[in-house]
Each structure stands twice: as structure tokens, then as C-alpha cells.
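Residue-level listing of the chains:
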Amino acid sequence: MVFEYAFMRHFKIFTTEQIQQAWEILEREEISVIISDQRMPEQLGINFLQEVSVKYPDVIRILLTAYTDINIVFDAINTGKVYAYITKPWDGEDLRVKLENALESYNLKKQNKELIHHLSISNAELNTMNIKLLKEIEENSILTHAIEQTSEIIMLMDTEKKIIYVNKAFENITLNKKEDIIGKSFFEIVNPEPQFPEGIFENLEKGILWKGRLECKKKNGEFFKHALTISAILNPLSEIINFVLVGRDVTKDTQIQEMLNQKQKLEAIGTLAGGIAHDFNNILVPIQGYAMLLEDEFEMGSQAWQDLQQIIEATERAKSLVDKILTFSRKRNIVIKKIPIAEVLKDALKFLKYSIPKNISIELDLSAENDFVLADPVQIQQIIINLCNNAIQAMEKKLGKIKISLKNLDILPENKYLYPDLQEQKEYLLMQVADEGTGIAPEIISKIFDPFFTTKEKSKGTGLGLSNVHGIVHSLRGAIYVESQVNKGTLFSVFLPTVHHLAKSETLPTTIEKGNCEWLILIDDDEMVLSYTSNILKELNYKVKAFLSSMEAFEFINEHFEMLHLIITDYNMPQMNAFELIENLKKADIHLPVIIITGYKHQISNELSEYQIIQKPFDTSQISAAIKKIIHRF
């Protein structure tokens, strides 16, 4: 009580005479200092304070003891069990000082603990920030690597459109080094022709993204097509601070598209040629046919008979011309066969005759004894026409000659090294096309056979001509070489392996066999062709039922098939073509032989390959032989 009364004005004091109550007070209140007497009924004070130090280590512990226990007290202080001791009877001033020191120690420990806590929080925050920073650095590093390793061009420009960054793809595609391009204007690397699209950056400044294609220049002077996306980079205040460009080299894509366009043009030409062939051959059928029928009406050698021969010869030439147009338009399958190159060359030059300027002459040297090779005629025509067109364009503003020659050449083992692309064959046909034109520069001569490579204006060349020639020659187990001098001319040498050819034996005159009054169905949508063919068949002693409509013909056949022997039909009928007619007959269980007539043989599908096919225009002997062959077989 004396102790409580002495310090109650300065401290909040809790007192008890029992250890258990002391524990309850410690659990309930925030105690700064505990003073315990050494001699307690339940437990020694020093042991109690030791337990307190374990459970409440921040509480300052003071032992109240008599001098008789002084050794125990010193041991307790040295081991940290108690902070200090007070001897009985205590001195008031000494007690006050020790209590103030104890409280100061408590407060210091408390502040230190709080400081440590704050430091630990700060350290944790710092660690978190460090981790975040490291993550950002790592992400930036990954982003940088991604930008540098992407195949697309990435470029940064300032607000003045000057380049401040380009990635590795830019270097690889344009062949420019970063250090050479940084600081240059964007417009310096864009081809000004065609005119640069107006308003790109004005729209970008309004927040409008720009996408499009531009032609850009490489360091070596070549141009490439570039698909671009350009956008503005804004700061937090929505102010433009940079422009970013992402681009992809679409040169090959553009070339493929051009090739597809070229293919579609050729297909369109082929379709047109097919239509022309069909209609034109329908016109030729009655002209040639009636002229041949009239031959027997006039004395051989008379003026009228000679005039008829001119008509017949003219129709043959027209027929040959149509066939050449079909062949050259590629509306046919490639057929590799033994052909004389000299004849194909002459035919090809007929196509070129009207496209050769007056200032250019053609000189031929066809001295080859054996000009037979295994090839497709249209492919050889392509080779000749492409090489001659190149020569003509190289000389279009210059007077001179194009020399074309055919020679036989034996490749001996000792000079085989001169022609490394040739196969192991000894005998070759050498076709050479030489001009006196502008020549080819040494730095580009190795590229002239590359697809789409051209030095011509876009309106004059696609860059596919020599590439096609190279492909055709190699597919025929040959080789092509080029020699050129600037301003002197160019020489193309084409080597093709020859094959031996046996001369055809003299053919016997064709005999015309007549029929035995068999019933034939004739179908054609052209009245003149139908009338002429019907007259021929009647002259050959056949009974004919003619139809302009395949639908009407099918209905008649369906009702009278037992009396019929043969069907002759034009392939390209408007309502039901030959293939559809045959299929409908099969469904009706009608099995009659069929001859197909066409002005365009190559349009007929493989499903009809088993049937006899006659090409318009035809003569009496051809149709007679076809009918006899079919009827005898059935």
C-alpha cells in the first residue's frame, strides 16, 4: 500500500498479493514494469519474473529482495531474468530513479520495435519494387528481343518524320545499316513514283490509322513492295510524340498475284480462242465441204476446178491457223512428241510477222540436218516467240538484224565442261537467237532467268518470259546460255537433245466406203453445218434424221431407238451437250454408238475419250471412215 501510495500520482499501478492474479493482470493490461517480491507464498519472485520474461519479453522486470538474497539477484541480472533489483527497506529516491530508468528502457524497446517493424515494411516494399523493376526490365528486354527478331519492319519517327529507330528486319530487307538511316527523313526511303499518297500524316495527327502499300528503295537501288501500318504514339496528355511504322515485304506476294493475273488473262484468251475456234470451224465446214463436193462437177484442171482448189486450200490454211491459235493460247494439254523444229520455227515467225518493226529484218540459217526433238509444239513456239520478242524490244529504236539459226552439235567428252547443264547425250540441236540491240549489263545478266525479273517498263514486260523459257528448256533435258555486250547485242543459245526420224512411207489414196441404208441421228445447232453434214451422209447412202436441238433428238431416240444404228452429235450443244446426252441415254438403257463432232477438240473431257471424235472442218472421207469403223465394231 505504501508503494502504491508513493507512485500513484505518476503511474497507473496494479497491485496483487497472488501470482495467479498477476498473470491475469498481465494478460488484461499493457504493463510496462513489473516489481515482484522475492519471497512469495506460491513461488519465488525470481522464478516468476523468469517466466514473465519468456511470455512477455518487453515488460521490464524488477526484483524486490533483502540483502540475504543478493547473490541470487546478481545471477538473475547477469542472465537477463531481471532488469534491476530494490533492497528492503528501499530508499524512495533510489526507487524513483530505477522506475524512471525502467520506463525509459521500456519506451526505448517499444520505439525500437516499432522502428524495426517500419523498417521491415520498408524493406518489403523495397523488395517488391525491386521485383517489379526487375520484371519490367525483363519484359522490356523480351520486347526488345522480339522487335529485333521479328521478320516485319518496325520504325520509329519523331514528329518531324525523321527516323529515330529501325529494327534488324529493316536492315535485312533494305540492306541499310541502322547508323546510315537514323536521322534521315521517312520520305527519303519511299519511292516518289507513283506519287506518295497525300494526307497520310495529316490524318495520323487527327488520330486516323493509315494502312496501305508503298514501293520503297533498297540500298542497292532495287525497289520492293511494302505493306505498311503507320500510327501515332501519344503521351498521357494525348499529344503526339512519335510515329510508329510496322511493315511487311510483300514483293513475293505481289509477284504471285501478278502471276495469277497473268494466268487468268491467258485462261481468258484460251476461252476466247475456244469460242472463236468453235464458231469459225462451223463456218469452215460448209465452205470446205461444198467446195469438195463440187470438185466432181468440173473437169480436173479446168479454171473452175482450180478455183475450187484455191477455196479448199484457203479453208485448210484457216483450219491450221485456228488450230495454232488454240495451241498457242495453251487451251490444251502438253503433248510431248517427235517434232521438226524448223517447221515450228517458221510457224512461230508467221505469228511475229506483223509485230516486227520495219527497221528490223530476220535472217534464218536452218542448216541442221536433223532438227527433230521430243517436245510439245506450243512449248517450242513459246521459246521462239519469247526470245524473238526480247530481241525486237532490244532493237526497237535501232536498225539491225535478228539472226536465227538451227545447227547440229556433237558434245564431245573433252568439251563437255563448256556446257555443264547438258545431260549425258552426244547429239544436240543448237538453236541460236542473236540481236544487235542494247545488250544486258554484266551485273544483272545472272538474274535474267529469275521469275518476275525485268528491266522493261511495266506495260512492256512481266518478267515471266525468260523464266518460262528456262523452265521449258530444262524440262526437255536441254540447256540455255546467254552472252551479251552492252550496246552490241545479245546471243541466246538453246540446246535440245535430238532424236532420229524415219521418213514416212508414201500413203495410198483414201477410199470412201458407202453405207447400207443404216439410220443415223445427226445433231448440230448450226443450220449450215447440219445441212452440209446431212447431205454428205445421204450421198454416202445413209438415212438421216437431223435435229437442231439435242433435247428433241433425245425424245426421238427414246421412242425409236430400235431402228437406229448411230448417233452423230456436235459436242457443244446449248441445252444438252454430248456428254450429257450420252449419260441420259445410259440412264434410259439405250446403248447406241456415238460419234462426236467438235470445232474445239481440247474441250472434250476425258470421260469421252473412248468415243470417236471428228475435228471440224472435216471432209467426206473422214466421216465415212469414222462411221464404218463404228458400225463394223458394233
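Analysis parameters
Residues numbered from 1 in each chain as written. Predicted model: local features only at pLDDT ≥ 70, side-chain atom pairs only at ≥ 80, totals over all residues. Heavy atoms only, no water. Axes fitted to C-alpha atoms, helices over the stretch in contact; angles between N-to-C directions. Helix = DSSP H or I, 4+ residues; strand = E, 2+ residues; numbered from the N terminus. Parallel < 35°, antiparallel > 145°, perpendicular 65-115°, else oblique. Left-handed = near helix turned anticlockwise from the far one by under 90°. Contact = heavy atoms within 4.5 Å. Nonpolar A, V, L, I, M, F, W, Y, C, P; charged D, E, K, R; others polar. Buried < 20%, exposed > 50% of the residue type's maximum accessible area, 1.4 Å probe, protein only. Phe/Tyr/Trp six-rings, centres within 6.5 Å; stacked < 30°, edge-to-face > 60°. Polar contact = N/O pair within 3.5 Å; in protein donor to acceptor, adjacent residues only side chain to side chain. Arc of directions from axis to C-beta. Pairing = 2+ DSSP bridges. Right-handed = clockwise from strand over helix to strand, strands pointing away. Core = buried A, V, L, I, M, F, W, Y, C linked by side-chain atoms within 4.5 Å.

Colleague: Even after reading the chapter, I still don't get the packing of helix α11 (residues 341–352) against helix α12 (residues 377–394), so can you show me in this structure?
Modeller: Helix-helix packing is described using two parameters, namely the angle between the two axes and the distance between the axes. Remark: α11 packs on α12, axes separated minimally by 9 Å, with the N-to-C direction vectors making an angle of 50°. Taken as axis vectors, α11 and α12 run oblique relative to one another. As α11 packs across α12, the resulting crossing turns out to be right-handed. Residues I341, V344, L345, D347, A348, L349, F351 and L352 of α11 form the contact with α12, whose own contacting residues are P377, I380, Q381, I384, I385, C388 and N389. Class assignment of the residues belonging to the contact of α11 with α12 gives a composition of 12 nonpolar, 2 polar and 1 charged.

Colleague: Even after reading the chapter, I still don't get the environment of L548, so can you show me in this structure?
Modeller: Along the chain, the position of L548 falls in the loop between β17 (543–547) and α15 (550–560). Among the residues examined, L548 registers a relative accessible area of 39% and is labelled partly exposed. Residues L548 and D526, 22 residues apart in the sequence, show an inter-C-alpha distance of 7.1 Å. Look past the residues within four positions of L548 in its chain and what remains in contact with it is D524, D525, D526, E527, L530 and M573.

Colleague: Hey, could you run me through the packing of aromatic side chains in this one?
Modeller: Two aromatic rings are characterised by how far apart their centres lie and by the angle between their planes. All told, the structure shown has 4 aromatic pairs when counted by the stated rule. Relative to F618, the ring of Y532 has its centre 6.2 Å away and its plane inclined at 35°; by these criteria the two rings are tilted. A residue pair is termed long-range when its members are at least 10 positions apart, and Y532 in helix α14 (residues 527–539) and F618 in the loop between β20 (612–615) and α17 (620–633) qualify at 86 residues. Since its relative accessible area comes to 0%, Y532 is described here as buried. On the basis of relative accessible area, F618 is assigned to the buried category, the value being 0%.

Colleague: Is there a simple way to think about the environment of N167 in this case?
Modeller: Mapped onto the elements of the fold, N167 is located in the loop between β5 (163–166) and α6 (168–174). Residues within four places of N167 in sequence aside, it is in contact with I147, E148, T150, E152, I153, I154 and K178. Looking at N167, its side chain comes within polar contact range of the main-chain nitrogen of I154, at 3.1 Å.

Colleague: I would appreciate a short explanation of helix α3 (residues 45–55) in the present structure.
Modeller: Three- or four-residue spacings in an α-helix give side chains the same orientation, since the helix completes a turn every 3.6 residues. All of the buried residues in α3 are G45, I46, F48, L49, V52 and S53. The buried residues of α3 occupy an angular sector of 155° when the element is viewed end-on, so they sit on one face.

Colleague: Where do I start with the environment of P357 in this structure?
Modeller: In this fold, P357 is placed in the loop between α11 and β10 (360–366). Note on P357: relative accessible area 24%, which makes it partly exposed. In this structure the C-alpha to C-alpha distance between P357 and I392, which are 35 residues apart in sequence, comes to 7.9 Å.

Colleague: What's the story with the pairing of strand β2 (residues 60–65) in this structure? I'm lost.
Modeller: For a regular strand, side-chain orientation follows a simple rule: the groups alternate between the two sheet faces. Taken across its 6 residues, β2 has 6 buried, putting it largely inside the fold. Along β2, one buried face is formed by I60, I62 and L64 and the opposite face, lined by R61, L63 and T65, is buried too. Where strand β1 (residues 33–37) and β2 come together, 5 bridges link them in parallel fashion. When the bridges of β2 are listed, V33 appears paired with I60. A crossover connection joins β1 to the parallel β2 through α3; in handedness this β-α-β unit is right-handed. As paired elements, β2 and strand β3 (residues 84–87) share 4 bridges and run parallel to each other.

Colleague: Hey, could you run me through the nonpolar core in this one?
Modeller: Generally speaking, a soluble globular protein has its nonpolar side chains buried in company with each other. Ranked by internal contacts, the top residues of the largest apolar core, which has 41 residues, are I341, I380 and I383. Counting only elements with at least two residues in this core, the list comes to α11, β11 (372–375), α12, β12 (400–410), β13 (427–434), α13 (465–475), β14 (479–485) and β15 (489–497). In this view, I383 contacts M431, V469, I472, V473 and V494; residues no more than four positions away in its chain are not counted.

Colleague: What is the right way to read unusual backbone geometry from this model?
Modeller: Leaving glycine aside, a negative phi is the common case for residues, and trans is the common case for peptide bonds. Phi angles above zero are rare outside glycine, and L175 is one such case at about 70°. By secondary structure assignment, the location of L175 is in the loop between α6 and α7 (178–181). What makes L175 partly exposed here is its relative accessible area of 42%. Even without a glycine there, the phi angle at N541 is positive, about 70°.

Colleague: For this particular structure, what's the right way to read the sheet that holds β13?
Modeller: Two modes of strand pairing occur in sheets, parallel and antiparallel, and in both the strands are linked by backbone hydrogen bonds. Within the open sheet, the 5 strands sit side by side as β10-β12-β13-β15-β14. Their pairing is mixed. The open sheet has two edge strands, β10 and β14, and neither has a second partner. Each neighbouring strand pair of the sheet contributes to a mean axis angle of 15°, computed without reference to strand direction. Note: β14 against β15, 7 bridges, orientation antiparallel. When the bridges of β15 are listed, I480 appears paired with V494. Strands in contact with α11 are β10, β12, β13 and β15; relative to β10, the strand with the most contacts, it is inclined by about 170°. α13 contacts β14 and β15 of the sheet and is inclined by roughly 140° relative to β14.

Colleague: Could you clarify how one ought to interpret the sheet that holds strand β19 (residues 594–598) in this entry?
Modeller: In spatial order, the strands read β17-β16-β18-β19-β20; together these 5 strands make up an open sheet with parallel pairing. Edge positions in the open sheet fall to β17 and β20, since each of these has one partner strand only. When strand polarity is set aside, the average angle formed by the axes of neighbouring strands in this sheet is 20°. With 5 bridges connecting them, strand β16 (residues 519–523) and β17 associate as parallel partners. By the bridge assignment, I521 is partnered in β17 with K545.

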